[in-house]
Amino acid sequence: MLATVAQAVVNGLLIGGIYALVSIGVTLIFGVVKIVNFAQGEFVMIGMYISYFLAASFDVDPLVSLVVSMPVLFVIGVLFQHFLIRRVLGLGDMPQIFLTFAISLLLVNVALLLFTANYRTVQTPYSETAIHLGALYIPMAKLIAFAVAMALSGVLWAFLHATDLGKAMRAAAQNPDVAMLMGINPDRVFCVAVGIALALAGAAGSLLMPFYPAYPLVGQVFVLMAFVAVVLGTLGNVTGALIASLMMGVAESLGIQFVGADSGLIVVFAMLLLTLAVRPNGLFGGWNR
Amino acid sequence: MATTRSATRRRGRRDFLKASAGAAAFATFGIARKGFAAEPVNIGGLYPVTGSFAQIGQGCVNAAKLAVQMVNDAGGIKSLGGAPLNLIVSDVQSDTTVTRTETDRLISGYKLSAVHGCFASALTLIASEVAERAKMPLLTGSSSDMLNKDRHYTFTPFSRASQFALAQLQMSKLVSNSPKVAVIFENTAFGTSTSNGLREKAPAEGVEIVMFEPYSAGLTDASPLINKVKASGANMLFPVSYLNDLILIIRAIKQNGLEIAINGGSGGFVIPDFYKNVGAPAEGLLGVAHWNHDVNADAQKVNAVYKKQYGEFLFEYAGGLVAQTFMIADALERAASADPQKVRDALATLDVSSGYAAMGPGGKVKFGPDGKNIYAHPVGVQWQNGDLAAVFPKDDARAPLLKV
């Protein structure tokens, strides 16, 4: 029994790491640029296809292809901000929602057209192996994904707190007008923020590839969890999104184990509703903003 | 102005009459001439070539074309003066609404003698309804038992869903004398109906079901589910799932060090794409099919031709479809007419035990009053070296069971 619970917690933490990469991207864009990016899942999908095609054509390990998917998505992010998001800032919520939602629809359908609806998987030597710790099995591919996700979150935290650009980003997030008076160029800061957020989505895609099939609608599987994590962890709070993602992974896994395999999400949403009833701003409302 | 206009009109009408008379004469002549040298017989094929079933649908169309070519190369329909078969394919787009309109369009738009389709039971049920109303014979490999209720124009030459469940339960005895089965199924119509069929029949077959668990289709992670299977103490797993969840489930089983036999049933489990995606961990997995390419020499022959042309083995539904085309050819031959009603009557009295029409498990085709082939039964298959081998029942087994 204890082993079963421990295994459920481990499984939950590991998938929570992936949810974290997606939700940190969403919350970063919201915190800095104040726009909800509904297309974040589709950028994960692009990351997956980049890794898939590098693996299929050049036999590149999906983990190595991180060095391609992250920069490519960073550039896409900068262009996305500069040419599209910038034009709808300050126009109210509707144009922003329409913009990112339209991008999401567009990317899904272009992917259907180019890549068809087929599932594509990559086989790596570590796709099916696991580390044994007593009765516990820790799947290698997910452990690597979790470790890299945590490392990237750590790097992002250090960047936001220790570098001038990171501090400028937090300043622009808190008050763009005052930040501008202090000589910070918000356009540049916003571009970098969206670039980083998309690079994280690309990283999530590459890290998923050794154990998850790629297909055009794959982003929507993960983006739902990401949005819940973002709200649970307080909108715009990077640390909050990370902790909330891990909590949700564990809640989902325990829910499947002890409530029912179709009730994992029920447990997650119950947790969200309870939290919002008690703390309407999410678990970390008031911190770190 | 007025005169000019009426003059134009008159001239127009006269020209039109002249032209149409010519066309009519030509058409009459054309038909008469064709009548001597055997007019082609049209068969409709309704398959999802786009949408979620696209890949399987395309495979079906490839097989249907191959079958028509085989009939024509062998001299066509002799009783109709060697008339060749002409396949008219319509894309039903994996969508029930489109299936209804496309079936209607195909039947009313062309002079057809019979139709076949649509792979997915949900689509076939609709097409069969439309065909019934239009009095058009329809052949299908779809397994839903509903296709045999109050239908006079639908013929199902292969095993039914209820037979699949029975075979799957019986196969668990291959693995253990006291099978303890975990059933995990997606919470959709397909998942619940299939799994309920398994649960109802399990006690009579001496199979104990130790876990019976629905899950939400579109898993992000199968590990929690597999952790639960592990805790149930089952020695056999029946996943009722589509391909993306299956891939995650099989991988999670390996990652969680679970030693368990797996029988994935039919559908997405017995197509080449499954092995392509799952790879080596698919070796030894069991499934159930209404047709397999190693059942007899004729099936192997067609498989070899298909494999050469398309690079992968002839899968369950597509292989059965080749046999269906030969059943239609046999009916046309005996009816000596392209009239759908006569073709339907000839199908109702079909009785074959050799040749391509009979190349299925059981080796014979004869339809009962409900349109079921009275000899049909499913065949148990196992993934061996990237190929599917028939391993159950004894009479149909073509390879020894691989122990894993």
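Keep in mind it's a predicted model, so treat the numbers as computed, not measured. (Residues numbered from 1 in each chain as written. Chains lettered and ligands numbered in written order. Predicted model: local features only at pLDDT ≥ 70, side-chain atom pairs only at ≥ 80, totals over all residues.)

Visitor: When you look at the overall build of chain A in this model, what are you seeing that I'm missing?
Guide: When helices and strands are tallied, chain A shows eleven helices and two strands. The helix and strand sequence of chain A, counted from the amino end, reads α-α-α-α-β-β-α-α-α-α-α-α-α. On C-alpha atoms alone, chain A measures out to a radius of gyration of 19 Å, which is about the 19 Å that the 2.2 N^0.38 rule sets for 289 residues. Seen through its principal axes, chain A has C-alpha atoms that stretch 60 × 50 × 35 Å. Long-range contacts, defined here as pairs at least 24 residues apart, represent 76% of the contacts in chain A between residues at least 6 apart. (Helix = DSSP H or I, 4+ residues; strand = E, 2+ residues; numbered from the N terminus. Rg over C-alpha atoms; globule rule 2.2 N^0.38 Å. Contact = placed C-beta atoms within 7 Å.)

Visitor: What should I look at first to understand unusual backbone geometry in this one?
Guide: Excluding glycine, most residues fall at negative phi; most peptide bonds, likewise, are trans. Residue and element names in this part refer to chain B. Look at the link from G117 to C118: it is a cis peptide, with omega at -5°. With omega at -10°, the peptide bond leading from F392 into P393 counts as cis. Examined against the element boundaries, P393 turns out to sit in the segment after β14 (387–392). Here the phi dihedral of F119 falls at roughly 75°; this positive angle occurs in a residue that is not glycine. By the secondary structure assignment, F119 is in the loop between β3 (112–117) and α4 (121–134). One non-glycine residue, K135, adopts positive backbone phi at about 55°. One can find K135 in the loop between α4 and β4 (138–139). Owing to 12 C-beta atoms within 10 Å, K135 belongs among the exposed residues under this scheme. (Buried ≥ 20, exposed ≤ 12 C-beta atoms within 10 Å, placed from the backbone.)

Visitor: Is there a simple way to think about the sheet that holds strand β10 (residues 286–289) of chain B in this case?
Guide: The pairing of strands in a sheet happens through backbone hydrogen bonds and is either parallel or antiparallel. All names here are of chain B. The antiparallel open sheet is built from three strands, whose spatial order is β10-β13-β14. The open sheet terminates on both sides in strands that have one partner only, identified here as β10 and β14. Taking the axes of each pair of neighbouring strands and ignoring which way they run, one obtains an average angle of 40° across the sheet. One ladder, built from five bridges, connects strand β13 (residues 379–384) with β14; its direction is antiparallel. The residue of β14 that forms the bridge with Q382 is A389. Helix α5 (residues 161–175) rests against β10, β13 and β14 of the sheet, and its axis sits at about 150° to β10. (Pairing = 2+ DSSP bridges. Axes fitted to C-alpha atoms, helices over the stretch in contact; angles between N-to-C directions.)

Visitor: Would you explain the interface of chain A and chain B in this entry?
Guide: The extent of an interface is frequently quoted as the accessible surface area lost upon association of the parts. The interface of chain A with chain B comprises 31 residues on the first partner and 29 residues on the second. Counting only elements with at least two residues in the side of chain A that touches chain B, the list comes to α1 (2–33), β1 (130–133), β2 (136–139), α9 (218–232), α10 (238–258) and α11 (264–278) of chain A. A per-class count over the side of chain A that touches chain B returns 16 nonpolar, 13 polar and two charged. (Nonpolar A, V, L, I, M, F, W, Y, C, P; charged D, E, K, R; others polar.)

Visitor: Teacher, can you tell me more about the nonpolar core here?
Guide: In this structure, I18, V22, A193 and V194 of chain A are the most contacted members of the largest nonpolar core, which totals 216 residues. Broken down by element, the residue count for this core peaks at 16 residues, all from helix α8 (residues 186–208) of chain A. Residues lining this core come from more than one domain, with at least three contributed by each of domain 1 (41–158 + 294–373) and domain 2 (162–289 + 380–396) of chain B. Contact partners of A193 of chain A, with chain neighbours within four places excluded, come to L28, I29, V32, V33 and M169 of chain A. (Core = buried A, V, L, I, M, F, W, Y, C linked by C-beta atoms within 7 Å. Domains from an automatic or database assignment.)

Visitor: Where do I start with the pairing of strand β1 (residues 41–47) of chain B in this structure?
Guide: Both faces of the sheet carry side chains from a regular strand, because those side chains alternate between them. All names here are of chain B. Most of β1 sits out of view: six of its seven residues are buried. In this fold, the crossover linking β1 to strand β2 (residues 85–91) by way of helix α2 (residues 54–73) has right-handed handedness. The pairing of β1 with β3 spans five bridges and is parallel. If you follow I43 over to β3, its bridge partner there is A114. (Right-handed = clockwise from strand over helix to strand, strands pointing away.)

Visitor: Is there a simple way to explain the environment of L283 of chain A in this structure?
Guide: Residue and element names in this part refer to chain A. Inspection of the secondary structure assignment puts L283 in the segment after α11. Exposure remark for L283: the 18 C-beta atoms within 10 Å place this residue in the partly exposed category. Setting aside residues up to four positions removed in sequence, L283 forms contacts with L232, G233, T234, G240, A244 and T275.

Visitor: Is there a simple way to think about the sheet that holds β1 of chain B in this case?
Guide: Residue and element names in this part refer to chain B. Taken together, five strands build an open sheet; the order of strands is β2-β1-β3-β4-β5 and the sheet is parallel. In this open sheet, the two edge strands, each paired with only one partner strand, are β2 and β5 (154–155). With respect to the sheet, helix α12 (residues 340–348) is in contact with β3 and β5, its orientation differing from that of β3 by roughly 55°.

Visitor: Which parts of the structure should I look at to understand the domain arrangement of chain B?
Guide: All names here are of chain B. The domain boundaries assigned to chain B delineate domain 1 (41–158 + 294–373) and domain 2 (162–289 + 380–396). Each of domain 1 and domain 2 has a C-alpha centre, and these two points are 29 Å apart. Contacts between domain 1 and domain 2 engage eleven residues on the former and twelve residues on the latter. Among the residues forming the side of domain 1 that touches domain 2, the class breakdown is five nonpolar, two polar and four charged.

Visitor: Help me understand the confidence of the model for chain B, please; the structure alone is not making it clear to me.
Guide: When pLDDT is low, close inspection of the predicted coordinates is not appropriate. All names here are of chain B. Scored by pLDDT, chain B comes out at a mean of 88, with 91% of its residues at no less than 70. Across residues 1–36, confidence stays below pLDDT 50; counting only partners more than four residues off in sequence or on other chains, it has one contact. The complex prediction reports pTM at 0.78, with the ipTM value standing at 0.80. (pLDDT = per-residue confidence, 0-100.)

Visitor: How do you make sense of the packing of α1 of chain A against helix α5 (residues 140–162) of chain A when you look at a structure like this?
Guide: Packed helices, taken two at a time, are described by their axes: the angle between them and the distance between them. All names here are of chain A. Two elements in contact, α1 and α5, have axes whose closest approach is 8 Å; the angle formed by their N-to-C orientations is 35°. Of the two possible hands of crossing, α1 and α5 adopt the one that is left-handed. Contacts between α1 and α5 pair L14, G17, I18, A20, L21 and I24 from the former with K142, L143, A145, F146, A149, M150, L152, S153 and L156 from the latter. By residue class, the composition of the contact of α1 with α5 is twelve nonpolar, two polar and one charged. (Left-handed = near helix turned anticlockwise from the far one by under 90°.)

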